[in-house]
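Examination of the molecular architecture
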Amino acid sequence: MTAAPPEQKLSNEELLASVIADLIGDVRHVAVGNASPIPATAALLARERGGGKPYVSLLQSRKHNFFTDGGRELFDCAGQGRIDVFFLSGGEIDGEGNINLVSIGEYEHPKVRFPGSFGAAYLYYVVPKVILFRTEHSRRTLVPKVSFVSAPGTSPENVFRNGGPIALVTNRCVFSFDQTHRRFRLESVHPGHAVSEVAEHTGFAYVQPAAVPETPSPSAETLRLMRQVVAPELAEVYPQFAARIFGVRVPA
Amino acid sequence: MTAAPPEQKLSNEELLASVIADLIGDVRHVAVGNASPIPATAALLARERGGGKPYVSLLQSRKHNFFTDGGRELFDCAGQGRIDVFFLSGGEIDGEGNINLVSIGEYEHPKVRFPGSFGAAYLYYVVPKVILFRTEHSRRTLVPKVSFVSAPGTSPENVFRNGGPIALVTNRCVFSFDQTHRRFRLESVHPGHAVSEVAEHTGFAYVQPAAVPETPSPSAETLRLMRQVVAPELAEVYPQFAARIFGVRVPA
Amino acid sequence: MPQIVPTLDEALASIADGCVLAVPRENSGVAMAATRALIRRGVKRLELIALPTSSLQADLLIGAGCVALIETSAVSLGEFGPAPRFTAAVIAGSIKMKDATCPALHAAFQAAEKGVPFFPLRGLIGSDVLAHRPDWRMIDNPFGNNDPIVLLPAIKPDVALFHSPMADRAGNVWIGRQRELATMAHASAKTIVTVEKIVDGDLLADATLSAGTLPGFYVDSIAVAPRGAWPLPLPDHYAWDEKHLAEYARLAASEEGFAKYLEQYVYDRRAA
Amino acid sequence: MPQIVPTLDEALASIADGCVLAVPRENSGVAMAATRALIRRGVKRLELIALPTSSLQADLLIGAGCVALIETSAVSLGEFGPAPRFTAAVIAGSIKMKDATCPALHAAFQAAEKGVPFFPLRGLIGSDVLAHRPDWRMIDNPFGNNDPIVLLPAIKPDVALFHSPMADRAGNVWIGRQRELATMAHASAKTIVTVEKIVDGDLLADATLSAGTLPGFYVDSIAVAPRGAWPLPLPDHYAWDEKHLAEYARLAASEEGFAKYLEQYVYDRRAA
């Protein structure tokens, strides 16, 4: 395999993966769903920086997950409190952290139909740190109120809930989520993007501090790890992504 | 292997196995618990007479049961309605079909302690034909009222119950059980035993018809099957029993 | 006890119109050759239950008009995009939709496996998934204090249908780590399996293989269908046919294209 | 991630006095060498949960004064007769008894495995097993009509302890068909395993072996204990030591005989 030279320009995907790796923090187990190359990059990066911790399960890959008890094991594992971080997205996401993976319009006669809720109506409640990730940052995706709640961002106090959203990462910015006040807060805007642009393209209200920093770029060491250590690992699961972003080619 | 010659005298165990095989009837699946050589003989005999039906699971033997889903599979299988006949016993059995596998005396301070209920508090409800089998027929084992109900013989109409006792076989006689009237009925007395002897040694009340037939001895063909076909199969699971009753020796 | 039969149609005979049919997720061994045979036979009004999701299988059956109702957590072609016939049918209102979430389907099959009327599940409360499931109930957890919890009724399909690498002559089926296939079979009244091949020997007698074996006791009929999951993957045996799935996604985007796909890959038996 | 440690005592370090300890039935791989090590260490006040029954293991621990409470469906030496120390302790009132029934224990562990507070179970109603379990609840099945059903609270042990044929260097453990061992590990906060041997290679990477493998992810510590289930059987590996069990049954019938057994087979390390 060959990897990207360290002098190469920082890509958007690398920035997002670095941001997400920071959000993961010091945990034991990160699980990454299907078709999620950027979160997968972030999880593997977190593992490299943690010297093997957290354990990373890539559900897309038989090789990179340990499950031997059938399709239920992921959910049982989460229910046991053994998954600390998971990633969810939404056809729509609203300002209270509700996500919609089902449909737009009346449920019985929808105008738009998405694939379905998958495990969201469960995992959103039982995984302590759910990181919302939606690259498309527009008034179409970030809406005042979702048309269908696949899973709510918060729950009443008496409803069993060990988990929920901690942040929303888009191609423009990073929001944190305040579960007490049920709202997002603009934490940083990515290099090349503006606070006003975020406001223009966000359909929901959020807290905007007086000063919003620029999303920090990965350190040279982080970038080196991502490009030289993580990218080749990633190539086994996401060969096209690894080739496009990191220039990693798996020998045929 | 060698087997008993057909002219050998009918043993008590052969009689009991023949009676139980008749009680099994035309079903799909008979499961036999541990340390039950006579019911196992009966089940294998029923299978031979049915040309391979019923399917027989001998829980004692890895080879003679199909379970691959751990210790729960027997109970799940019964809950699915896939076990038609099972055998239970009791330290005490009373006239309402209640069985006691736990203790005699006050539960917190028992005078006698048995091993425990095993699966009886479940299987007695969900297996359509439970055959009670207790060779010791005495006022100590067949009591007016059990000290502890491991599982009741019958349940109120609104309690989910697909199964229960159909008969009690002892070393003296065969009782049938009438689930509607919650009582046993003396069906037959084994050769060499008397109706009066049953009354003398039974601690509970039961229905006694005006004429009680003698328990029918197995036909020559049944006896031949038991001795020549069933006994060698049985020897793999119950070698000592097969040797003692049928004279079957497994070559070392 | 299972019958090993010579043709797919014989194996599938008990899947009648209106059958409640359970099928596995896209990467656990989907009986695609059998699915094409069902479409050729023109089965109608299936109530399809995907444990817990589906992809090409549901899309094909829906597009071909075989499905009255689907219960699932999602139908999607994954990296090949949305499932076009599913999407169109839901928007047109031509199938009845029962949206679930993955662990709810696993739990409801396990409830049937254990012979209980329901299983509880955390999560769900406050979601519109729950709001649109009048067949699910919320109770106050009797071991808690003001602690609502959802109960899901057991799912007992008429037939479970899946594809596996091998069966032995007694009908014992190797399922490996795909243990939801055992749960599906336990929960269903009948189980039909297609396999890559029939092997000699007894899978249950082998200490190693038996750990991944569904006993034939739970299986009703078996037919051999080499590459029977194609173009979907068979775990540890073959991968997705990516080129074919991309072609499907392209064709099925329109009704005309879908009809062409059916003609070429389903009705023309040489391609099945 | 699991630590493979050089001694039994190191592996067992997290089994403290008062530990809620889950152990498997007598023919699923009982960690008997580890049990003798616990007795030598003098562990106290164990709350032993047998899934779903026990034999020599419970009788030894009870006789040696290590147990405060036992939850089980039965304790018996099977064809070698009643379990004498268990029987004596229950009659003397020196241990607290929680009588259960086999499927109730399986269900309660599965409830913990699935992260729910309870599982329902049929049967039980009208039995004194239920009458003596104030921790079990009866509700009216919300999907039925005047249909009472029992709910069992999830069992979440502190530690699961069992013996298996092998583990690999990453701590993945071969359990074969003994799937209740996986459920025990999933349900328990920690899992300790003794194995016959450590093998090279990756059990999870092998398509065949992985079907019977408990991932090391769920395992905390592993020690090698050759013939570690002796004198109980290890499935597909070795049978009961009938002669030894008969000797145990004879000796343990009296307190003096039991003390002699302990001296000879437990405290004298050469015999362990």
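From a predicted model like this one, the values you see are computed outputs, not experimental measurements.

The next subject is the sheet that holds strand β8 (residues 148-153) of chain D. Residues and elements named next belong to chain D. Sheet architecture is open: 3 strands sit in the order β6-β8-β7, paired in antiparallel fashion. In the strand order of this sheet, the two ends are held by β6 (118-121) and β7 (137-140), each with one partner. In this sheet, adjacent strand axes meet at a mean angle of 40 degrees when their direction is disregarded. Bridge analysis of β6 against β8 gives 4 bridges, and the strand direction is antiparallel.

All names here are of chain B. As a packed pair, helix α1 (residues 12-24) and helix α6 (residues 220-235) sit with axes 11 Å apart at the nearest point and diverge in direction by 110 degrees. Taken together, the axis directions place α1 and α6 in an arrangement best described as roughly perpendicular. Crossing of α1 over α6 shows right-handed handedness. Within the contact between the two elements, α1 uses E14, A17 and S18 and α6 uses T222, L223, M226 and R227. Here the residues of the contact of α1 with α6 sort into 3 nonpolar, 2 polar and 2 charged.

Bring the parts together and some accessible area is lost; that lost area is often taken as the interface size. Opposite the 42 residues of chain D that make contact, chain B presents 35 residues. Across the chain D/chain B interface, buried area totals approximately 3,100 Å², and carbon plus sulfur atoms make up 57% of it. Along the contact surface separating chain D from chain B lie 1 salt bridge. A salt bridge links B:R113 to D:D99; its shortest N-O distance comes to 2.7 Å.

Residue and element names in this part refer to chain A. In spatial order, the strands read β5-β4-β9; together these 3 strands make up an open sheet with mixed pairing. At either end of the open sheet lies a strand with only one pairing partner, and these are β5 (99-100) and β9 (142-143). Note: strand β4 (residues 92-94) against β9, 2 bridges, orientation parallel. Bridge pairing links D94 to V143 in β9.

What helix α8 (residues 242-251) of chain D keeps buried is the set D:H244, D:L245, D:Y248, D:A249 and D:L251. At its buried positions, α8(D) is contacted by α3 (56-63), α4 (84-92) and α9 (255-267) of chain D.

What follows covers the domain arrangement of chain C. Residues and elements named next belong to chain C. Under the domain assignment, chain C is made up of domain 1 (3-101 + 156-241) and domain 2 (118-153). Summarising the inter-unit geometry, the C-alpha centres of domain 1 and domain 2 are found 29 Å apart. Across the boundary between the two partners, domain 1 contributes 5 residues, which contact 5 residues of domain 2. When domain 1 packs against domain 2, close to 370 Å² is buried across both sides, 57% of that on carbon and sulfur atoms. The interface formed by domain 1 and domain 2 includes 2 salt bridges.

This paragraph deals with the packing of α8(D) against α9(D). All names here are of chain D. Across the interface, α8 lies against α9 with an axial gap of 7 Å and an inter-helix angle of 140 degrees. Judged by the angle between their axes, α8 and α9 are oblique. Contacts between α8 and α9 pair H244, E247, Y248 and L251 from the former with G257, F258, Y261, Q264 and Y265 from the latter.

As a further point, take the nonpolar core. In this structure, A:F175, B:F175, C:I15, C:L21, D:I15, D:L21 and D:I70 are the most contacted members of the largest nonpolar core, which totals 275 residues. Setting aside residues up to four positions removed in sequence, D:I70 forms contacts with D:L48, D:A58, D:I62, D:V75, D:F86, D:I95, D:K96, D:M97 and D:K98.

What follows concerns the interface of chain A and chain C. Opposite the 34 residues of chain A that make contact, chain C presents 41 residues. Taken together, both faces of the contact between chain A and chain C bury some 3,200 Å²; the carbon and sulfur share is 56%. It is A:R62, A:R72 and A:R113 in chain A that bury the most area against chain C; as a group they hold 23% of the surface buried on that side. Where chain A packs against chain C, one counts 1 salt bridge. Our enumeration of links across chain A and chain C arrives at 18 residue pairs in polar contact (both at pLDDT 80 or more). Listed by contribution, the elements that provide at least two residues to the side of chain A that touches chain C are β7 (109-113) and α4 (120-126) of chain A. For the side of chain A that touches chain C, a count of residues per class yields 19 nonpolar, 10 polar and 5 charged.

Moving on: the pattern of salt bridges. Close approach of charged atoms allows side chains of opposite charge to pair. According to the stated counting rule, one finds 49 salt bridges over all chains in the structure shown. Between B:E13 and B:R244 there is a salt bridge; the shortest N-O distance is 3.7 Å. Placement of the pair is B:E13 in helix α1 and B:R244 in helix α7 (residues 239-246), with a sequence separation of 231 residues. On the accessibility criterion, B:R244 (60% relative accessible area) is exposed. Among the charged side chains, a network of salt bridges with common partners joins C:E71, C:K98, C:R133 and C:D135.

Okay, the packing of aromatic side chains next. All names here are of chain A. A complete count under the given rule lists 41 aromatic pairs over all chains for this structure. Note on F184 and F204: the rings are 5.2 Å apart at their centroids and 25 degrees apart in plane angle, and the pair reads as stacked. Placement of F184 in strand β12 (residues 183-189) and of F204 in the loop between α5 (195-201) and α6 (220-235) is noted, with a sequence separation of 20 residues between them. Here F184 matches F204 in class, with each residue buried.

Turning next to the side chain of D:N141. Within the element layout of this structure, D:N141 appears in the loop between β7 and β8. Given a relative accessible area of 3%, D:N141 falls into the buried group. A polar contact is formed between the side chain of D:N141 and the backbone nitrogen of D:F143, at a distance of 2.8 Å. Not counting chain neighbours up to four residues away, the residues in contact with D:N141 comprise C:P117, C:F118, D:R122, D:D147 and D:I149.

With the exception of glycine, the majority of residues adopt a negative phi angle, and the majority of peptide bonds are in the trans configuration. Here the bond from C:L51 into C:P52 is cis, since omega is -10 degrees, no more than 30 degrees from zero. Its location among the elements puts C:P52 in the loop between β3 (46-51) and α3 (56-63). For B:R182, which is not a glycine, the phi torsion comes out positive at approximately 55 degrees. Relative to the helices and strands, B:R182 resides in the loop between β11 (173-178) and β12 (183-189). On the basis of relative accessible area, B:R182 is assigned to the partly exposed category, the value being 41%.

All names here are of chain A. Of note, A42 is situated in helix α2 (residues 37-49). Distance from A42 to R113, taken between C-alpha atoms, is 30 Å for residues 71 residues apart in sequence. Those residues in contact with A42 that sit more than four places away from it in its chain are A17, I20, A21 and I24.

Cut-offs used in this document
- Residues numbered from 1 in each chain as written.
- Chains lettered and ligands numbered in written order.
- Predicted model: local features only at pLDDT ≥ 70, side-chain atom pairs only at ≥ 80, totals over all residues.
- Heavy atoms only, no water.
- Pairing = 2+ DSSP bridges.
- Helix = DSSP H or I, 4+ residues; strand = E, 2+ residues; numbered from the N terminus.
- Axes fitted to C-alpha atoms, helices over the stretch in contact; angles between N-to-C directions.
- Parallel < 35°, antiparallel > 145°, perpendicular 65-115°, else oblique.
- Left-handed = near helix turned anticlockwise from the far one by under 90°.
- Contact = heavy atoms within 4.5 Å.
- Nonpolar A, V, L, I, M, F, W, Y, C, P; charged D, E, K, R; others polar.
- Buried area = accessible area lost by both parts, 1.4 Å probe.
- Salt bridge = Lys/Arg side-chain N within 4 Å of Asp/Glu carboxyl O.
- Buried < 20%, exposed > 50% of the residue type's maximum accessible area, 1.4 Å probe, protein only.
- Domains from an automatic or database assignment.
- Core = buried A, V, L, I, M, F, W, Y, C linked by side-chain atoms within 4.5 Å.
- Polar contact = N/O pair within 3.5 Å; in protein donor to acceptor, adjacent residues only side chain to side chain.
- Phe/Tyr/Trp six-rings, centres within 6.5 Å; stacked < 30°, edge-to-face > 60°.

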